[in-house]
Amino acid sequence: MDAADLLAFKTIPDLDLSPDGARVAYVVTWIDTEKDEYRSTIHVAPTEGGAAVEFTRGPTRDSAPRWSPDGAQLAFLSDRAGKERQLYVMSVRGGEPRQLTTMSDHAGPASWSQDGTRIAFSARVWVVPRPEDEDARERWEERPRHVTKAQYKTDGHGYTFDARAHLFIVDLATGKTKQLTDGDFEDRAESWSPDGRQIAFSRTRGGKGDYSWSDIWVADVASGAALRITENVGRATSPTWSPDGTTIACYGTDAQVPGLGDPMVRVWTVPSRGGPPRRLTERYDRGAVLLPTPAVTPGPIWSSDNSSVTFIAGDHGNTHLVRAAIADGSTSVVVGGERQIAFASATAGSRIAFAAGDLAAPSDLYVTAWDGSSERRLTQINKEILTQLAPVHGERRTFKSPHGGTLEGWLFLPGERRGPSPLLVDIHGGPASFSGNLFSLSYFYRYVLASRGWAVLTLNPTGSGSYGREFAHAIRAKWGEHDLAEQLAAVDQLIAEGVADRDRLAVAGYSYGGFMTSWTIGHTDRFKAAVVGAPVTNQESFFGTSDIGMWFAPWEMGASLTEGRETFRRLSPINYVDKVTTPTLVLHGEADERCPIGQGEELFTGLVAAGKVPTEFVRYPGGSHMFIAQGRPSHRVDFNRRVVDWVTRHASRD
């Protein structure tokens, strides 16, 4: 296998089940290698089996299909008319799509009113109107930037202080669009009431030092008057109405607190006219899984009789569809398995459609009955490339923790083994992310290395998500100090089993994994090669430069910057750079706002100044924190290829 093989893979990032449950519209994203860009088209497949049809093929990207309530039309987003994504609608019988919006910035996905006459959506509105003339716009882009709030940029989008997201409604008969909400807030995740008179949505508070403190509001469609119905639900988002209109379900953390990082996202319910909210999944020690911001996660799916809601939750490296009973909050797995479900849509009481990946394939479309039975796989979009590639064996393993108990990890092995293999310890991000049963296109180097005789371990140490609240929180103020011993214990176990060669060990990681790789090489000399991706290396500078640093760092360090400087400094790998004896490669996107490139620069410069080890630094122009998953395809290939080349070169036998 080669890193360039990832260019042939397709994914299904979004889907929508028709109201009658007979068809599912889904997006297929693929890579145009000649233009080094992504393309996406919308397909429609019958849920009872049969060939799917290509519904759209725009010149670049069509996405976010949404069925009309009568199933006769599909609304979708497309950039076919220019740089900005606009809303279109098209008959399911075919024909030409009709453009509905001409927003100055990207329109969001469509939310149909129950009578099918109107569509609500979110779009950003410029605080100061952006010039239409290209020359004037170029000068406008270089204007002085006046910042008045701590949250003024977002990874993947850059500066956000110059526009606000608000809700709009377009009338399909007249084509007229009206703005429903306004103000110094961000309004997203809209949901129509069953009678079409109100829209629930998530609104940020907009304080000078707030980070995405959001509440659920309900707006009257006719007047625009809005009522806040939650206040203490932490970062409330993705509201959905019960069929009888009396209750709204949403996602949120346990409390509205400044700190950011709690992975335990709950399902909440609240009376639609206001009243005390209820933490529905309080007794369920697993968190709902949300899409990475700024994407809006679809809200909890109500049953037709108002008795339950269904959502995606993480559990032991998997993500499953879980159903919570409204009566008592009890939960049950509806769709499980050794896999990760990424997106789901349902017709209450009829069917569920979902996209999922497992260790054998990154993304495919499935459908089940409402109770999870009669599962059917509708696609095999990567069958051709998977057939061509050498098989890589991946398995869940259990490891003894030096702190007591056991830890889970995933081990990828070559197809043929002849004695102990060189081992890459690949450390996940977060720290509350988790490894699991998924063929990962972001970390494609795992499979390339395994196909070339390597073993690859990706452990879920203390702090990982999908194992409950206590396990996730146990890493706070202990970054590196607690989990390095767990990583090394797993390595020792694999050496004792004859799986790994103790003289050919390498370590790599991205984001928190980049922190851990930097920490590891400053505290042990066991590894012959290290690749540090988009790390945190200096907790103090991260606090002031990351788009989430002011809120995330105090949460994870267990103290404010002023009160916890000793902890911030003790847990900063840059302060141990003089101890590093491992050849180190640093990889970083230049437009990374999450773990800004200054973090990688500090590590690289420190290693060069120390003068002890071979060190190189690769910067990816325009690369956000998530460029390894969504960035320029050629950059993704280069990233994976450099990991393979570096560890192979430096961890080979002397």
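For the structure itself, consult the block above.
Residues numbered from 1 in each chain as written. Predicted model: local features only at pLDDT ≥ 70, side-chain atom pairs only at ≥ 80, totals over all residues. Heavy atoms only, no water.

Caption draft 1: Structural detail: the overall build of the protein. When its secondary structure is counted, the protein shows 12 helices and 38 strands. The C-alpha radius of gyration computed for the protein amounts to 25 Å, which stays within 12% of the reference 26 Å derived for 654 residues, consistent with globular compactness. For the protein, the spread of C-alpha atoms along the principal axes amounts to about 75 × 55 × 55 Å. When each of the 654 residues of the protein is scored for burial, the buried share is 57%. For the protein, contacts bridging at least 24 residues in sequence account for 56% of all contacts bridging at least 6. If you sum the accessible surface of the protein, you get close to 26,200 Å²; carbon and sulfur atoms cover 49% of it. Charge centroids of the protein, computed over 70 positive and 80 negative side chains, lie 1 Å from each other. (Helix = DSSP H or I, 4+ residues; strand = E, 2+ residues; numbered from the N terminus. Rg over C-alpha atoms; globule rule 2.2 N^0.38 Å. Buried < 20%, exposed > 50% of the residue type's maximum accessible area, 1.4 Å probe, protein only. Contact = heavy atoms within 4.5 Å. Areas by Shrake-Rupley, 256 points an atom, 1.4 Å probe, with all protein chains shown as cover. Lys, Arg positive; Asp, Glu negative; His and termini not counted. Charge placed at Lys NZ, Arg CZ, Asp CG, Glu CD.)

Caption draft 2: Spatial organisation of the pattern of salt bridges. For the structure shown, the criterion picks out 47 salt bridges. Note that Asp2 is salt-bridged to Arg452, the shortest N-O span being 3.6 Å. Of this pair, Asp2 sits in the segment before β1 (15-17) while Arg452 sits in the loop between α3 (445-451) and β34 (455-460), and the two are 450 residues apart along the sequence. By relative accessible area, Asp2 is classed as partly exposed at 26%. A residue is classified by how much of its surface remains accessible, and Arg452, at 45% relative accessible area, is partly exposed. Asp254 is the salt-bridge partner of Arg279, the closest N and O atoms lying 3.0 Å from each other. Here Arg279 is found in strand β22 (residues 278-279), whereas its partner Asp254 is found in the loop between β20 (247-253) and β21 (266-271), with 25 residues between them in sequence. (Salt bridge = Lys/Arg side-chain N within 4 Å of Asp/Glu carboxyl O.)

Caption draft 3: How the structure looks around the side chain of Arg39. Relative to the helices and strands, Arg39 is located in strand β3 (residues 37-46). Side chain to side chain, Arg39 and Asp32 meet in a polar contact 3.5 Å long. Engagement of the side chain of Arg39 in a polar contact is seen with the side chain of Glu37, the distance being 3.0 Å. Not counting residues within four places of it along the chain, the set of residues in contact with Arg39 comprises Val28, Thr29, Trp30, Asp32, Pro59, Thr60 and Arg61. (Polar contact = N/O pair within 3.5 Å; in protein donor to acceptor, adjacent residues only side chain to side chain.)

Caption draft 4: Structural view of the sheet that holds β1. The four strands are arranged β1-β2-β3-β4 in an open sheet whose pairing can be described as antiparallel. If you trace the sheet from one side to the other, it starts and ends with β1 and β4 (53-54), each paired once. Sheet topology note: the β1/strand β2 (residues 23-32) ladder contains three bridges and is antiparallel. For Leu17, the partnering residue across the bridge sits in β2 and is Val24. (Pairing = 2+ DSSP bridges.)

Caption draft 5: Up close: a negative patch on the surface. Among the surface-exposed residues, Asp133, Glu134, Asp135, Glu138, Glu141 and Glu142 lie close enough to one another that they form a single negatively charged patch. In this fold, Glu141 is placed in helix α1 (residues 134-141). Residue Glu141 is classed as partly exposed on the basis of its relative accessible area of 33%. (Patch = residues over 30% accessible without salt bridge, like charges linked within 9 Å, V, L, I, M, F, W, Y side chains within 5 Å.)

Caption draft 6: Seen up close, unusual backbone geometry. Gly430 connects to Pro431 through a cis peptide bond whose omega is 15°. Although it is not a glycine, Asp36 sits at a positive phi angle of roughly 55°. Position of Asp36 among the secondary structure elements: in the loop between β2 and β3. Judged by relative accessible area, Asp36 falls into the buried class, the value being 18%. The backbone of Ser212 sits at a positive phi, close to 50°, despite the residue not being glycine.

Caption draft 7: Looking closely at the pairing of β21. With respect to burial, β21 is a largely interior element, five of its six residues being buried. Here β20 runs beside β21; their pairing, made up of six bridges, is antiparallel. By the bridge assignment, Ile248 is partnered in β21 with Val270. Counted along the chain from β21 to the antiparallel partner β22, the turn is six residues long, and its residue Gly274 has a positive phi close to 100°.

Caption draft 8: Region of the structure containing the packing of aromatic side chains. In the structure shown here, the tally under the stated rule is 29 aromatic pairs. Judged by centre distance (5.8 Å) and plane angle (15°), the ring pair of Phe76 and Tyr88 falls under stacked. A residue pair is termed long-range when its members are at least 10 positions apart, and Phe76 in strand β6 (residues 73-78) and Tyr88 in strand β7 (residues 86-91) qualify at 12 residues. Both residues of the pair, Phe76 and Tyr88, count as buried. One aromatic cluster is present, built from ring pairs that chain together Trp479, Tyr512, Phe515, Trp519, Phe542, Phe552 and Tyr576. Over the ring of Tyr88 we find Arg80; its NZ or CZ atom is 5.6 Å from the centre of that ring. (Phe/Tyr/Trp six-rings, centres within 6.5 Å; stacked < 30°, edge-to-face > 60°. Lys NZ or Arg CZ within 6 Å of the ring centre and 35° of its normal.)

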